[in-house]
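Listed below, chain by chain, are the residues.
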Amino acid sequence: MARVRVGEREIDIRVSTVPVAEGERVVLRLLDRDSSLLPLEALGMSGPVLSGFNALLGEANGMVVVSGPTGSGKTTTLYAALGQLDAARKNIMTIEDPIEYKLPDIGQIQVKPKIGLTFAGGLRHILRQDPDIVLVGEARDLETVEIAIRASLTGHLVFTTLHTNDAPGAILRLLDMGVEPYLLASCLKGVIAQRLIRQLCPDCREETDISDKDAEMLGTLSEQQGKTVWRPKGCPNCLEGFSGRMGLFELMLVDAEMQKSIRSGSATADELRSLAGRSGMTGLQADGVEKVLKGITSLAEVVNAASSNG
């Protein structure tokens, strides 16, 4: 990890190197606090998702899961969530691997497996610190999940992440890991799934009609055929017609019907999605459609993001 100053901005650079046949391959990940430590309102959540997620932040206890593939912005969402909380009045602690950004008034622990400081071990130490809110960077194994669930059932609000395709998939993943259905039903408050999409450059985007092929790629767009959407062009102010990124989101809140389904231990992803839909959940693809019709992004971006695997 290196830190450089570019003008008035400080940027952390995470370096990964591996030997390859031609020599050494290097990948740099740029971590810019100014662009990554954002308020929730700047992430691209629709009104209902934002209000529902804010309601989860107000819960006194329980578990909230953020799911999505690697690089989908889960950490950014969690840091934005922590930024909404009153860290001066609440005891907030995290266990992360790695700590991407230092947050004021929050106790952050870096995982160090070489000295036995794993997610599970660190979480045990955190619970002796009388926390109000706990962030577990990743639910990697059953031991970590069981401790997190126990914490959520004993008066703590716990946030964690999973690599799953969608919100219903997070529930099935936890059950597959060995979590008892009755415990999961009792502690889980909600799951927010997300993807990242590129935003069209407002200076050069071009209008276009939705074609038959486009409507077929996104079935929910069939009724929008003939409407105007936008596509990337490219100009000196952007990169291949895109400038900046935002998220696609789906928020699944766990109500009484959902709890009953989880407790049965036999619910399928389709059944969970149907229940969530009846409670008002809008899927990732539908959120993408809305952003396409508003001219925020392109059809190709939504198709690529909504079909990516966790």
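Keep in mind that what you see is a predicted model, and the values were worked out from it rather than measured.

What counts, and at which threshold
- Residues numbered from 1 in each chain as written.
- Predicted model: local features only at pLDDT ≥ 70, side-chain atom pairs only at ≥ 80, totals over all residues.
- Heavy atoms only, no water.
- Pairing = 2+ DSSP bridges.
- Helix = DSSP H or I, 4+ residues; strand = E, 2+ residues; numbered from the N terminus.
- Axes fitted to C-alpha atoms, helices over the stretch in contact; angles between N-to-C directions.
- Phe/Tyr/Trp six-rings, centres within 6.5 Å; stacked < 30°, edge-to-face > 60°.
- Buried < 20%, exposed > 50% of the residue type's maximum accessible area, 1.4 Å probe, protein only.
- Lys NZ or Arg CZ within 6 Å of the ring centre and 35° of its normal.
- Patch = residues over 30% accessible without salt bridge, like charges linked within 9 Å, V, L, I, M, F, W, Y side chains within 5 Å.
- Areas by Shrake-Rupley, 256 points an atom, 1.4 Å probe, with all protein chains shown as cover.
- Salt bridge = Lys/Arg side-chain N within 4 Å of Asp/Glu carboxyl O.
- Contact = heavy atoms within 4.5 Å.
- 1 Å grid on protein atoms, 1.4 Å probe; cavity = no way out; pocket = protein on both sides within 12 Å on 5 of 7 lines; lining within 4 Å.
- Points joined across faces, edges and corners; volume = space filled by probe spheres on them.
- Nonpolar A, V, L, I, M, F, W, Y, C, P; charged D, E, K, R; others polar.
- Core = buried A, V, L, I, M, F, W, Y, C linked by side-chain atoms within 4.5 Å.

Caption draft 1: Just the sheet that holds strand β1 (residues 2-6), in detail. In space, the three strands of this open sheet follow the order β1-β2-β3, with antiparallel pairing throughout. Among the strands making up the open sheet, the edge pair consists of β1 and β3 (23-32). Each adjacent strand pair in this sheet contributes to an overall mean axis angle of 35°, direction not counted. Pairing geometry for β1 and strand β2 (residues 9-20), over five bridges, is antiparallel. Its bridge partner being in β2, Arg3 is matched across the sheet by Asp12.

Caption draft 2: Local environment of the packing of aromatic side chains. Evaluation of the coordinates by the stated rule reveals one aromatic pair. Aromatic pair Tyr79 and Tyr101: ring centres 6.2 Å apart, planes at 70°, arrangement edge-to-face. Of this pair, Tyr79 sits in helix α3 (residues 74-84) while Tyr101 sits in the loop between β5 (92-96) and β6 (107-110), and the two are 22 residues apart along the sequence. Judged by relative accessible area, Tyr79 falls into the buried class, the value being 5%. Exposure remark for Tyr101: the relative accessible area of 3% places this residue in the buried category. The lysine or arginine in question, Arg198, covers the ring of Phe242, its NZ or CZ lying 3.9 Å from the ring centre. The ring of Trp230 is capped by Arg205, whose NZ or CZ atom sits 4.1 Å from the centre of that ring.

Caption draft 3: View of a nonpolar patch on the surface. Taken together, the side chains of Val15, Val26, Leu28 and Leu30 present a nonpolar region at the surface, about 370 Å² in accessible area. Topologically, Leu30 is positioned in strand β3. Given a relative accessible area of 57%, Leu30 falls into the exposed group.

Caption draft 4: Summary view of the sheet that holds β6. As summarised here, the arrangement of the seven strands in space is β6-β5-β7-β8-β4-β9-β12, forming an open sheet in which the pairing is mixed. Across the chains shown, the open sheet's two edge strands, defined by having one partner strand only, are β6 and β12 (242-253). This sheet shows a mean twist of 20° between the axes of neighbouring strands, independent of strand direction. Taken together, the four bridges between β5 and β6 define a ladder with parallel strand orientation. Its bridge partner lying in β6, Ile95 is registered against Ile109. Running over the sheet, helix α4 (residues 119-127) touches β5, β6 and β7 (133-136) and is turned about 165° from β5.

Caption draft 5: Broad picture of empty space enclosed by the protein. One pass over the full model with this rule turns up one cavity of 30 Å³ or more. What the largest cavity holds in volume is close to 30 Å³. Here the residues of the lining of the largest cavity sort into five nonpolar, two polar and one charged.

Caption draft 6: Summary view of the nonpolar core. Formed by 42 residues in total, the largest nonpolar core has its most connected members in Val65, Ile171, Leu184, Leu188, Met252, Met258 and Ile262. Residues in contact with Met252, not counting those within four places in the same chain, are Ala167, Pro168, Ile171, Gly190, Val191, Met258, Leu272, Ala276 and Met281. If you look at the next biggest cluster of nonpolar residues, it comprises 30 residues, including Met45, Val49, Leu85 and Ile106.

Caption draft 7: Region of the structure containing helix α11 (residues 284-293). Inspection of α11 places Leu284, Asp287, Gly288, Val289, Lys291 and Val292 among the buried residues, and these make up the whole buried set. Against β9 (188-200), β11 (228-231), β12 and α12 (299-306) lie the buried residues of α11. Gly295 occupies a position one or two residues after α11 and carries a positive phi of about 80°.

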